[in-house]
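Chain and residue survey
Chain by chain, the residues:
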Amino acid sequence: MQNNKLFLLFVLLSLGMASTAQETDEFTSRPTGRGEYSLVAYASGGFGYFPSDKGTPAYLQPVKTKWNTVGTLRIMWHTDRLLKAGIETGYITFYSYKLRDSAGRTGKIALNATPILLEFSMSLKNRFNIFAGTGLYILNTKLDYDGKVNSNKLSSGWMLAASYIYPIGKKVGLGTEVKWLYATETSNGSVCGQIQLVWRFLKW
């Protein structure tokens, strides 16, 4: 419940700051002319940190890996308005750990996810952008302990992000993004830092 309130507060604050946004460049501002539209791809890769200890039973002597790789792809529709809309997917490992039972048998487990999120974005001044989205996470648990087991589960969830994009051409930009990916089944979710390639691949 607390995380849901935080998400709602973020969205409301974002909408409230819309009137103070300033134009900067094609990737991070509203278009300068009426009727300009484009599709922009955001390809990101980096690492995520999972702060929770959920899913690690102490009696199995877990050795947890809280830093894991994360890759995402976002397609946004830039219109002649300040608000942008799009979808995001990708692949993230929330956590993984090795375990050992009282008989000395070892194993490992990992919780991975593929997000499918509807997102909205707006630009702030100086090439800063904020994103918020909601949707589904396809969770996959891989267990290798006295046999191998794969299980899948759907979870609702959302994301929050802030990015800085530096244009290196008319159609391409480089950026960094800090992102919070949260699935309801993962307690606190994962805080991610990513390097980002931004490409405006279609304009009309």
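Just above sits the structure.
Rules of the game
Residues numbered from 1 in each chain as written. Predicted model: local features only at pLDDT ≥ 70, side-chain atom pairs only at ≥ 80, totals over all residues. Heavy atoms only, no water. Phe/Tyr/Trp six-rings, centres within 6.5 Å; stacked < 30°, edge-to-face > 60°. Helix = DSSP H or I, 4+ residues; strand = E, 2+ residues; numbered from the N terminus. Buried < 20%, exposed > 50% of the residue type's maximum accessible area, 1.4 Å probe, protein only. Salt bridge = Lys/Arg side-chain N within 4 Å of Asp/Glu carboxyl O. Pairing = 2+ DSSP bridges.

1. Quick look at the packing of aromatic side chains
Evaluation of the coordinates by the stated rule reveals 13 aromatic pairs. The interplanar angle of 20° and the centroid separation of 6.1 Å between the aromatic rings of Tyr-37 and Trp-204 together place this pair among those described as stacked. Placement of the pair is Tyr-37 in the loop between helix H1 (2-16) and strand S1 (38-49) and Trp-204 in the segment after strand S9 (190-203), with a sequence separation of 167 residues. You can call Tyr-37 partly exposed: its relative accessible area is 25%. Between Tyr-42 and Phe-131 the ring centres are 5.8 Å apart and the planes differ by 80°, which places this aromatic pair in the edge-to-face class. Within this pair, whereas Tyr-42 is found in strand S1, its partner Phe-131 is found in strand S6 (residues 128-144), the two being separated by 89 residues in sequence. Residue Tyr-42 is classed as buried on the basis of its relative accessible area of 2%.

2. Some details on the pattern of salt bridges
Applying the stated criterion across every chain yields a total of 7 salt bridges. For Arg-74, the salt bridge is made with Glu-177, and the minimal N-O distance between the two is 2.9 Å. Placement of the pair is Arg-74 in strand S3 (residues 67-78) and Glu-177 in strand S8 (residues 172-183), with a sequence separation of 103 residues. Since its relative accessible area comes to 1%, Arg-74 is described here as buried. In this structure, the salt-bridge partner of Lys-179 is Glu-88, at a minimum N-O distance of 2.7 Å.

3. What to know about the pairing of strand S5 (residues 106-123)
The side chains of a regular strand alternate between both faces of the sheet. Pairing of strand S4 (residues 84-100) with S5 involves 13 bridges; the strand directions are antiparallel. Paired with Leu-99 across the two strands is Gly-107, which belongs to S5. The turn linking S4 back onto S5 is made up of 5 residues, and Gly-104 within it adopts a positive phi angle of 90°. Sheet topology places S5 next to S6; 16 bridges connect them, and they run antiparallel. Directly across from Glu-119, in S6, lies its bridge partner Gly-133. Between the end of S5 and the start of S6, which pair antiparallel, lie 4 residues, with Asn-126 showing a positive phi angle near 60°.

The analysis is restricted to geometry; functional conclusions fall outside its scope.
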